[in-house]
Protein chains: 2
Amino acid sequence: MQMTSKIESFVMHCGEMGSRWGFNRTIGQMYGLMIIMPEPLSATTLSETLNISRGNVSMGIKELQSWRLVQVHHIPGDRKDYYGPAGSIWEMAQRVFEERRKREMDPTLSLLRATILDEPANEQEAYAQEKMREIHDLLETITHWAAELQTMSPEKLNTLMKLGAGVGKVLDMKAKLLSDSSRK
Amino acid sequence: MQMTSKIESFVMHCGEMGSRWGFNRTIGQMYGLMIIMPEPLSATTLSETLNISRGNVSMGIKELQSWRLVQVHHIPGDRKDYYGPAGSIWEMAQRVFEERRKREMDPTLSLLRATILDEPANEQEAYAQEKMREIHDLLETITHWAAELQTMSPEKLNTLMKLGAGVGKVLDMKAKLLSDSSRK
DNA sequence: ATAAAGTTTCAGAAATTTCTGAAACTTTAT
DNA sequence: ATAAAGTTTCAGAAATTTCTGAAACTTTAT
């Protein structure tokens, strides 16, 4: 399957950014191609279009599936698997965030929890544990927040984000309302 | 400088997570050690404590400085440089977020902007450009939002995060207030 | 000006990650 | 039961990233 130059440059860019997004070059390319093609693609098409070995495509799809980013499609009378992106662009972004949070924060959180429980053996350890507690509390706050943002619909999230710094004002407003009502 | 086992396991963990956080193993270890030691450390101490070559420490510090995560200290009468973490845990997290956003989203945003401007050459390109526009709009919204969160003080951010899903309710309340006032 | 104490750079070595392609496996149709 | 069409696995090759350590450089004190 031939790529036009615009499509090719997008796909190659996804490859270059791939490792920053949490996967590797070929996985980035595969995912980029799936996103901008209107129809799902077979593993063989991915392999030929991107000049990637068939085996590598198989491994890449497995990885993308572990991120819940691809959906398998079937065509009646055809036994091949066809792969396309799972969900809207918003949903994809949510999943990438969610997966990354899990991989980047959860292991640290559990190490910190375990370490903080122990009594400090000396002055230096007391300081270290204090710092660990600070990091722990921050990560926990972020985790809770992220979990709650996850439950919001894309539309509501979008409203919230577009509101931007306005959130600060809304908070002030809320604080004012509360103090008014407590005053009475 | 000897590390107690608790401190060592934290530092090693920072090393293992380092690459997920955007730097490499030794840089993660160096930063972890700086965070939990109450006093700034010299490059030589870092090198000896972590069993890392002096040259590698120098490169690592440069990298951490590019993230604005370390602060250089001087001791009167001593010409060595001593390195410690820059700012509070909250500020560190903000900087890591900010830098990663820059590295992960800005290049994509400019590629997309440029590609979308061109007229599509055919049906397939029209679809591809439509998808790119969707991604572009999402990244732009996130970028704006992140920029505005950056301007909030850690305390306010903390309040906002602790509020969590409550934000949804505050939004509803705001919507209600607006519709009430427009109705009158 | 010199030398001592320190830092940085960078070519090549070491370690790690990614990729290939052949073999093993699975599924489906007949 | 067999074979065709497909997928997955995995050992080793290739590519990439990280690290070392020696040489070059910089700063400071005298």
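Residues numbered from 1 in each chain as written. Chains lettered and ligands numbered in written order. Predicted model: local features only at pLDDT ≥ 70, side-chain atom pairs only at ≥ 80, totals over all residues. Heavy atoms only, no water.

The name given to chain A in an unreviewed UniProt entry is HTH-type transcriptional regulator, with Dasania phycosphaerae as the source organism.

Considerations on the overall build of chain A
Secondary structure assignment for chain A yields 8 helices and 3 strands. In sequence order, chain A lays out its α and β elements as α-α-β-α-α-β-β-α-α-α-α. Rg of the C-alpha trace for chain A: 23 Å, well past the compact-globule value of 16 Å for 184 residues, more than 25% over. Projecting the C-alpha coordinates of chain A onto the three principal axes gives extents of approximately 70 × 50 × 30 Å. Counting the 184 residues in chain A, one finds 46% classified as buried. About 9,600 Å² of surface is accessible on chain A, with carbon and sulfur atoms providing 54% of the total. Taken as two groups, the 23 positive and 24 negative side-chain charges of chain A have centres that lie 6 Å from each other. (Helix = DSSP H or I, 4+ residues; strand = E, 2+ residues; numbered from the N terminus. Rg over C-alpha atoms; globule rule 2.2 N^0.38 Å. Buried < 20%, exposed > 50% of the residue type's maximum accessible area, 1.4 Å probe, protein only. Areas by Shrake-Rupley, 256 points an atom, 1.4 Å probe, with all protein chains shown as cover. Lys, Arg positive; Asp, Glu negative; His and termini not counted. Charge placed at Lys NZ, Arg CZ, Asp CG, Glu CD.)

Observations regarding the side chain of Lys6(A)
You can see Lys6(A) is positioned in helix 1 (residues 5-21). A distance of 3.0 Å separates polar atoms of two side chains, one belonging to Lys6(A) and the other to Glu125(B). Apart from residues lying up to four places away in sequence, Lys6(A) is in contact with Thr115(B), Asp118(B), Glu119(B), Glu125(B), Gln129(B) and Met132(B). (Polar contact = N/O pair within 3.5 Å; in protein donor to acceptor, adjacent residues only side chain to side chain. Contact = heavy atoms within 4.5 Å.)

A word on the relation of the copies chain A and chain B
Placing chain A over chain B gives an RMSD of 0.0 Å and needs a rotation angle of 180 degrees, together with 0.0 Å of translation along the axis. Each copy turns onto its partner about a two-fold axis. The overlap is high: 100% of the interface residues of chain A also sit at the interface in chain B, so the same surface is used on both sides. (Least-squares fit on C-alpha atoms with pLDDT ≥ 70 in both.)

Some thoughts on the packing of aromatic side chains
Enumeration according to the criterion identifies 5 aromatic pairs over all chains in this entry. A ring pair is formed by Phe23(A) and Tyr31(A), whose centres lie 6.5 Å apart and whose planes are at 75 degrees; its orientation type is edge-to-face. Aromatic pair Phe23(B) and Trp67(B): ring centres 5.2 Å apart, planes at 75 degrees, arrangement edge-to-face. With Phe23(B) in the loop between helix 1 (5-21) and helix 2 (25-36) and Trp67(B) in the loop between helix 4 (54-66) and strand 2 (70-73), the pair connects residues that are 44 residues apart, well separated along the chain. Here Phe23(B) falls in the buried class, since its relative accessible area comes to 10%. You can call Trp67(B) buried: its relative accessible area is 1%. Here the aromatic residues Phe23(A), Tyr31(A) and Trp67(A) are joined through ring pairs into a cluster of three or more. One cation-aromatic arrangement involves Arg103(B) over Trp67(B); the distance from NZ or CZ to the ring centre is 4.2 Å. (Phe/Tyr/Trp six-rings, centres within 6.5 Å; stacked < 30°, edge-to-face > 60°. Lys NZ or Arg CZ within 6 Å of the ring centre and 35° of its normal.)

Some details on the protein's contact with DNA strand C
Around DNA strand C, a shell composed of 19 residues is seen, among which Thr26(A), Ser53(A), Arg54(B), Ser58(B) and Lys62(B) lie nearest. Protein-proximal atoms of DNA strand C, defined as those within 4 Å of the protein, fall in sugar or phosphate at a share of 65%. Arg79(A) is positioned with one of its side-chain polar atoms (N or O) 3.4 Å from a base oxygen of DNA strand C. Within the side chain of Arg25(B), an N or O atom sits 3.4 Å from a phosphate oxygen of DNA strand C. Secondary structure elements with two or more residues in the surface near DNA strand C: helix 2 (25-36) and helix 4 (54-66) of chain A together with helix 4 of chain B. At 5 residues, helix 4 of chain B tops the list of elements feeding residues into the surface near DNA strand C. Tallied by class, residues from the surface near DNA strand C come to 3 nonpolar, 8 polar and 8 charged. (Near = heavy atom within 4 Å. Nonpolar A, V, L, I, M, F, W, Y, C, P; charged D, E, K, R; others polar.)

Comments concerning the sheet that holds strand 2 (residues 70-73) of chain A
Pairing between the strands of a sheet comes from backbone hydrogen bonds, and it takes one of two forms, parallel or antiparallel. Residue and element names in this part refer to chain A. If you walk across this open sheet you meet the 3 strands as 1-3-2, and the pairing is antiparallel. Edge positions in the open sheet fall to strand 1 (41-42) and strand 2, since each of these has one partner strand only. Relative to strand 3 (residues 82-85), strand 2 runs antiparallel, the two being bridged by 4 bridges. If you follow Gln71 over to strand 3, its bridge partner there is Gly84. (Pairing = 2+ DSSP bridges.)

A word on the protein's contact with DNA strand D
Inspection of the region around DNA strand D gives 19 residues, with Arg54(A), Lys62(A), Arg79(A), Thr26(B) and Ser53(B) positioned closest. Put simply, 67% of the atoms of DNA strand D that lie within 4 Å of the protein are in sugar or phosphate. Between DNA strand D and Arg25(A) there is a distance of 3.3 Å, counted from a phosphate oxygen to a side-chain nitrogen or oxygen. At a separation of 3.0 Å, a phosphate oxygen of DNA strand D approaches a polar side-chain atom of Lys62(A). Every element with two or more residues in the surface near DNA strand D is listed here: helix 4 of chain A together with helix 2 and helix 4 of chain B.

A closer look at helix 1 of chain B
Compared with the 24 Å implied by 1.5 Å per residue over 17 residues, the 23 Å span of helix 1 of chain B between its first and last C-alpha is a close match. Bending of helix 1 of chain B peaks at approximately 30 degrees at the position of Gly15(B). Residues of helix 1 of chain B that are buried: Lys6(B), Ile7(B), Phe10(B), Val11(B), His13(B), Cys14(B), Gly15(B), Met17(B) and Gly18(B). The inward-facing, buried residues of helix 1 of chain B contact helix 5 (89-117) and helix 6 (123-151) of chain A together with helix 2 and helix 3 (43-50) of chain B. At the C-terminal side of helix 1 of chain B, Gly22(B) shows a positive phi close to 110 degrees. (Expected span 1.5 Å × (residues − 1). Bend = angle between axes of the 7 residues up to and from the residue.)

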